[in-house]
Amino acid sequence: KYVLNGIFDTGDDSLKVVGLAKMMQGLLSRTAIGTRVPDLRVHSLEVSYRDAKAGNVQPVPDFDKAEPTSLRKLHNKTSYILFYTEGCPVCNRELSAVDSLLRTERRAKVFLIDVDKVLADYPDEAKSILDAFDLSVLPYAISMDRKGIIKRKYLSFAEH
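Residues numbered from 1 in each chain as written. Predicted model: local features only at pLDDT ≥ 70, side-chain atom pairs only at ≥ 80, totals over all residues. Heavy atoms only, no water.

Colleague: I'm lost on the overall build of the chain in this one. Help?
Modeller: When helices and strands are counted, the chain shows five helices and six strands. Along the chain, from the amino end to the carboxyl end, the secondary structure elements read α-β-α-β-β-α-β-α-α-β-β. A buried classification covers 42% of the 160 residues belonging to the chain. Only carbon and sulfur atoms are counted for the fraction: they give 52% of the accessible area of the chain, which is about 9,400 Å². (Helix = DSSP H or I, 4+ residues; strand = E, 2+ residues; numbered from the N terminus. Buried < 20%, exposed > 50% of the residue type's maximum accessible area, 1.4 Å probe, protein only. Areas by Shrake-Rupley, 256 points an atom, 1.4 Å probe, with all protein chains shown as cover.)

Colleague: Please explain the nonpolar core as it appears in this structure.
Modeller: It is characteristic of soluble globular proteins that their nonpolar side chains tend to be buried jointly. Of all hydrophobic cores here, the largest spans 41 residues; its most connected members are I81, F83, V110, F133 and F157. Contributions of two or more residues to this core are made by β1 (41-48), β3 (78-84), α3 (89-104), β4 (108-114), α4 (115-121), α5 (123-132) and β5 (140-144). Counting residues per element, this core draws most heavily on α3, at six residues. In this structure, I81 is in contact with V37, L71, L74, F111, I113, Y140, A141, I142 and M144, ignoring residues within four places of it in sequence. (Core = buried A, V, L, I, M, F, W, Y, C linked by side-chain atoms within 4.5 Å. Contact = heavy atoms within 4.5 Å.)

Colleague: Just checking my understanding: could you explain the side chain of T85 for this structure?
Modeller: If you trace the backbone, T85 turns up in the loop between β3 and α3. Excluding residues within four positions of it along the chain, T85 makes contact with C91, D114, D116 and L138.

Colleague: In this structure, what is going on with a negative patch on the surface? I would like to understand it.
Modeller: Residues D62, D64, E86, D116 and D121 make up a contiguous surface patch of negative charge. Structurally, D116 is set in helix α4. By relative accessible area, which is 41% here, D116 ends up partly exposed. (Patch = residues over 30% accessible without salt bridge, like charges linked within 9 Å, V, L, I, M, F, W, Y side chains within 5 Å. Salt bridge = Lys/Arg side-chain N within 4 Å of Asp/Glu carboxyl O. Lys, Arg positive; Asp, Glu negative; His and termini not counted. Charge placed at Lys NZ, Arg CZ, Asp CG, Glu CD.)

Colleague: Please explain unusual backbone geometry as it appears in this structure.
Modeller: It is generally the case that most residues other than glycine have a negative phi and that most peptide bonds are trans. Note the cis peptide between L138 and P139, where omega equals 5 degrees. With respect to the helices and strands, the residue P139 is situated in the loop between α5 and β5. Not every positive phi belongs to a glycine, and Y154 is a case in point at roughly 55 degrees. With respect to the secondary-structure elements, Y154 resides in the segment after β6 (150-153).

Colleague: Even after reading the chapter, I still don't get α5, so can you show me in this structure?
Modeller: Each α-helix turn comprises 3.6 residues. Residues three or four places apart therefore point the same way. Taken together, the buried positions of α5 are occupied by E125, A126, I129 and A132. Across the axial projection of α5, the buried residues extend over an arc of 140 degrees, all falling on one side. Of the exposed residues in α5, the ones pointing more than 90 degrees away from its buried face are P123, D124 and K127. Residues of α5 that are buried in the fold lie against β1, β3 and α4. (Arc of directions from axis to C-beta.)

Written out as structure tokens, the structure is:
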């Protein structure tokens, strides 16, 4: 009734809008704010204040050094997960901004996950993260508290 108020020409148009709305609702419900991060074991690189001070946070991280990490065991005052892909200019800006964030937030940890590498090298992990997180647009970052409760989604480190 409200979709077909003259904006759309046919019932098919409104079905497409409803279908898109349902798809978006499904994506937004993944790892919802206030819920615990999924209990997944994923290859990631962990970077912290110590790494930033030592100059170990690289603009393009060497994901070959990634180790399997249980996302439920990220017990830190402030933890972030950044999903990115190599070659993406926006992702590169976010990765550069991670270094700045870590230099100011001593207790923060960031877990970097290269989605392309996970898709290519660890297909079972890739399926799990694609089912659990909205990776329709990269970079995708979330913040969690020490209990693994998601506090923010779709955040940008470049805006800090």
